[in-house]
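Structural overview
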Amino acid sequence: GAKYLTKATNLAKHIISAVVQEGDTVIDATMGNGNDTLYLRKMVGNTGKVIAFDIQEKAIENTKKLLQSFHMADAVELIHDGHENMDLYVFQEVSAVMFNLGYLPKGDHHIVTKPDTTIIAIEKALSLLKRNGIITIAVYHGHEEGMIEKDQVLAYATTLDQNQFHVLRLDFINQKNNPPFLLVIEKK
Ligand code: SAM
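What comes next is a walk through the structure. (Residues numbered from 1 in each chain as written. Predicted model: local features only at pLDDT ≥ 70, side-chain atom pairs only at ≥ 80, totals over all residues. Heavy atoms only, no water.)

Observations concerning the overall build of the protein chain
Condition: The way it works is that DSSP assigns letters per residue, a run of H or I at least four long becomes a helix, a run of E at least two long becomes a strand, and they are numbered from the N terminus. Here the radius of gyration uses the C-alpha set of atoms, whereas the globule reference equals 2.2 Å times the residue count to the power 0.38. The buried label applies to any residue whose accessible area, calculated with a 1.4 Å probe on protein chains only, is under 20% of its type's maximum; exposed applies above 50%, and partly exposed to all values in between. Per-residue and other accessible areas follow the Shrake-Rupley method at a 1.4 Å probe size, with only the shown protein chains counted as cover for residues. For the purpose of charge, His is not counted, nor are the chain termini; Lys and Arg are scored as positive and Asp and Glu as negative. A charged residue contributes its charge at one atom only: NZ of Lys, CZ of Arg, CG of Asp or CD of Glu.
Of the regular secondary structure elements, the protein chain holds 5 helices and 7 strands. Ordered by position in the sequence, the α and β elements of the protein chain form the string α-β-α-β-α-β-β-α-β-α-β-β. Taken over the C-alpha trace, the protein chain has a radius of gyration of 15 Å; the compact-globule value for 188 residues is 16 Å, and the two agree within 12%. Along the first, second and third principal axes, the C-alpha set of the protein chain runs to 40 × 40 × 35 Å. Taking all 188 residues of the protein chain together, 49% fall into the buried category. For the protein chain, the exposed area adds up to about 9,600 Å²; of that, 50% sits on carbon and sulfur atoms. In the protein chain, the 19 positive side-chain charges and the 23 negative ones have mean positions that sit 7 Å from each other.

Some details on the pairing of strand β1 (residues 25–28)
What counts here: Strands are treated as partners if at least two bridges between them are detected by DSSP. A crossover gets the label right-handed when its path from the first strand over the helix to the second runs clockwise, viewed with the strands pointing away from the viewer.
Residues Thr-25 and Ile-27 of β1 are buried on one face, and the alternating residues Val-26 and Asp-28, pointing to the opposite face, are buried as well. Here β1 pairs with strand β2 (residues 49–54) via 4 bridges, running parallel. Counted as the bridge partner of Asp-28 is Ala-52 from β2. The parallel pair β1 and β2 is bridged by helix α2 (residues 35–44), and the resulting crossover is right-handed. Where β1 meets strand β4 (residues 94–100), 3 bridges bridge the pair, whose relative direction is parallel. Within β4, the position partnered with Val-26 by the bridge is Ala-96.

A few points about the packing of helix α4 (residues 115–128) against helix α5 (residues 144–158)
In plain terms, the rule: Each axis is a line fitted through C-alpha atoms, taken for helices only over the stretch in contact, and angles between the N-to-C directions span 0 to 180 degrees. Roughly parallel here means an angle under 35 degrees, roughly antiparallel means over 145, roughly perpendicular means 65 to 115, and every remaining angle is called oblique. Two helices cross in a left-handed way if the nearer one is turned anticlockwise from the farther one by less than a right angle. They cross in a right-handed way if the turn is clockwise. Contacts are assigned to residue pairs with any non-hydrogen atoms lying within 4.5 Å of each other. Under the grouping applied here, Gly and all other residues not named as nonpolar or charged are polar, the nonpolar ones being Ala, Val, Leu, Ile, Met, Phe, Trp, Tyr, Cys and Pro and the charged ones Asp, Glu, Lys and Arg.
The geometry of α4 relative to α5 is characterised by a closest axis approach of 9 Å and an angle of 30 degrees between their N-to-C directions. Looking at the two axes, α4 sits roughly parallel to α5. Here α4 runs over α5; the crossing is right-handed. Contact with α4, carried on its side by Pro-115, Asp-116, Thr-118, Ile-119, Ile-122, Glu-123 and Leu-126, involves Ile-148, Glu-149, Gln-152, Val-153 and Tyr-156 of α5 and no other residues of that element. Classifying every residue of the contact of α4 with α5 by side-chain character gives 7 nonpolar, 2 polar and 3 charged.

Concerning the site of the ligand
Put simply, the test is: Distances are taken per atom, and a residue is near a molecule or strand as soon as one of its heavy atoms is within 4 Å of it. The term polar contact refers here to a pair of N or O atoms within 3.5 Å; inside protein, the definition further demands a hydrogen-donor-capable atom paired with an acceptor-capable atom, and it admits residues adjacent in sequence only when both atoms are side-chain atoms.
Close to the ligand lie 22 residues; Asn-33, Asp-54, Gln-56, His-83 and Glu-84 are nearest. Taking Thr-30, its main chain carries an N or O atom lying 3.0 Å from a nitrogen atom of the ligand. Between Asn-35 and the ligand, the recorded distance is 3.1 Å, taken from a side-chain N or O atom to an oxygen atom. Considered on its own, the ligand offers 610 Å² of accessible surface; in the complex 96% of this is hidden by protein. When residues of the shell around the ligand are traced back to their parent elements, those giving at least two are α2 and β2. Of the residues belonging to the shell around the ligand, the class tally is 8 nonpolar, 11 polar and 3 charged.

A few points about helix α3 (residues 57–69)
The following threshold applies: The length a helix should cover is 1.5 Å for every residue beyond the first.
Taking 1.5 Å per residue as the helical rise, α3 with its 13 residues ought to reach 18 Å, and the 19 Å between its terminal C-alpha atoms agrees with that figure. Of the residues making up α3, those classed as buried are Ala-59, Ile-60, Asn-62, Thr-63 and Leu-67. Looking at the buried side of α3, the elements it contacts are α2, β2 and β3 (76–80). Within two residues after α3, His-71 carries a phi angle of roughly 55 degrees, on the positive side.

Right, here's the structure in full:
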């Protein structure tokens, strides 16, 4: 298995693997190069479904190639639209939603997730989530826009009703230079 304590994204995968089961429907809200999409596809198997979003054509291409190389392009819907519109594409409850904020690695660093649309997407994800389902959000705040996004996402997450959600922040507290951290939201 992945060494899950090395970075926020691995920690997210580890937590996801404890919750997601074969046959589930799940969402990758930030497809990028498709690593999380592939991971989710492995978790849900042929009988499940992964619905993945990105606003960049490049992300769709890269993810499609990655999935095909693993013969896992079936049971995955790659959607070229923003995650803030996920309710237009997802019509059933999901057990997990993964967000990996910031810019596409090895891509255009000017195309980043934005606080307003990220928060709309988290809200929609929470309403699609089934009981005991989880959302993971890897928060990158090393870049200037990421700093602002971090503050707004945290401010939003802090307001979530504790009677409905468990909200955790997992930090690598001995790392320098604004290491990414993970937010995890579980629906009770
Ligand atoms: N999980 C990805 C992987 O495994 O490679 C990395 C994701 S990358 C950090 C963030 C991605 O979010 C970028 O590919 C970017 O294009 C995408 N993005 C930005 N705004 C978005 C939006 N409104 N909806 C969906 N994706 C968006």
